[in-house]
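Notes for the structure review
Spelled out from the first residue to the last, the chains are:
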Amino acid sequence: MGFRTGSSAALIVALAALATGCGGAGSDPGATKPPAGDSAAKDSGSGSDSGSGSGGTVVGKGGSDTVFRTEERFRQALPDPASMAGWTPRSANAEIEEAPEPAANCGPDADWYCARIARGEANFEAVGEEAQFDLTAFADRSAAQDACRKEKTWSAKYTEAQVPPVPGVDSHAYYRNAGGLDGLNLFLCTGTVVAQVLLEGEGSSLDPATAHSLGRLFASRIQKAAAG
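Residues numbered from 1 in each chain as written. Predicted model: local features only at pLDDT ≥ 70, side-chain atom pairs only at ≥ 80, totals over all residues. Heavy atoms only, no water.

This next bit is on the packing of aromatic side chains. The tally for this structure, following the rule as stated, stands at nine aromatic pairs. Each ring, one from F68 and one from F74, has its centre 6.3 Å from the other, and the planes form 75°; the classification is edge-to-face. Here F68 falls in the buried class, since its relative accessible area comes to 2%. Accessibility expressed as a relative area gives 0% for F74, which makes it buried. Aromatic pair W112 and F187: ring centres 5.8 Å apart, planes at 85°, arrangement edge-to-face. (Phe/Tyr/Trp six-rings, centres within 6.5 Å; stacked < 30°, edge-to-face > 60°. Buried < 20%, exposed > 50% of the residue type's maximum accessible area, 1.4 Å probe, protein only.)

As structure tokens, then:
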């Protein structure tokens, strides 16, 4: 899905800084294929649906009420090169909205990210397949849940992808074809954020096991960033 431009003040996060901020040190150049199953979930922890953090933060299926509005929070949540062994890093950035749209102004349409306060993304590539991680932040849990409902309604017209549920979050997935590229979109809804793992490739098999593995990795990093 596309994102708005204009009112946001872009805070560009260099991949080197992203790697340093997350304790990373680059990808594995010897890998021959994208990780599948649990092989990319090294950073996913136990996969349980409960946990705790400082300051009263609760990490579980409902997610945390932590608001993601700083570059540092996005740097912690987005996968870094060290956690994506076998994938080549391409780009990463974060945008903080200067004047977020009030949730009350958003209608019941496909513009599910209308009330976002910030977003960030990190992009990787391996063997002709691309993996994009998007994180869209909202001012509170209610706005995020509303966005997630709108996204589910919008995506219902596409073919459901049989990706196993990601522990600790509300997740759903679907296939989408556009511009000659095949895509598998996995959405993760938790706390004050809506996250997306997009696998894309020309003629790619888009293995649901790979999407599930990367989804677990992303969910774990979001939870740890919220608990921080």
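Once the structure has been displayed, the description carries forward.
Turning our eyes to something else, we now look at the pairing of strand 3 (residues 118–126). Successive residues of a regular strand alternate their side chains across the two faces of the sheet. With respect to burial, strand 3 is a largely interior element, eight of its nine residues being buried. For strand 2 (residues 88–97) and strand 3, the ladder comprises eight bridges, and the chain directions are antiparallel. Looking at the pairing, N93 lines up with E121 of strand 3. The pairing of strand 3 with strand 4 (residues 129–137) spans nine bridges and is classified as antiparallel. Across the sheet, the residue bridging to E121 is D134, located in strand 4. From the end of strand 3 to the start of strand 4, which pair antiparallel, there are two residues, and V127 there has a positive phi angle of about 50°. (Helix = DSSP H or I, 4+ residues; strand = E, 2+ residues; numbered from the N terminus. Pairing = 2+ DSSP bridges.)

Take helix 3 (residues 141–155) next. Between its first and last C-alpha, helix 3 extends 21 Å over 15 residues, near the 21 Å set by a 1.5 Å rise per residue. Taken as a whole, helix 3 has its buried residues at A143, A144, A147, C148, K150, E151, W154 and S155. Taken around the axis of helix 3, the buried residues stretch over an arc of 165°, which confines them to a single face. Facing away from the buried surface of helix 3 by more than 90 degrees, the exposed residues are R149 and T153. Those residues of helix 3 that are buried lie in contact with strand 6 (170–178), strand 7 (181–190) and strand 8 (193–201). Two or three places before S142, at the start of helix 3, stands the capping residue D140, its side-chain oxygen 3.3 Å from that residue's backbone nitrogen. (Expected span 1.5 Å × (residues − 1). Arc of directions from axis to C-beta. Contact = heavy atoms within 4.5 Å. Polar contact = N/O pair within 3.5 Å; in protein donor to acceptor, adjacent residues only side chain to side chain.)

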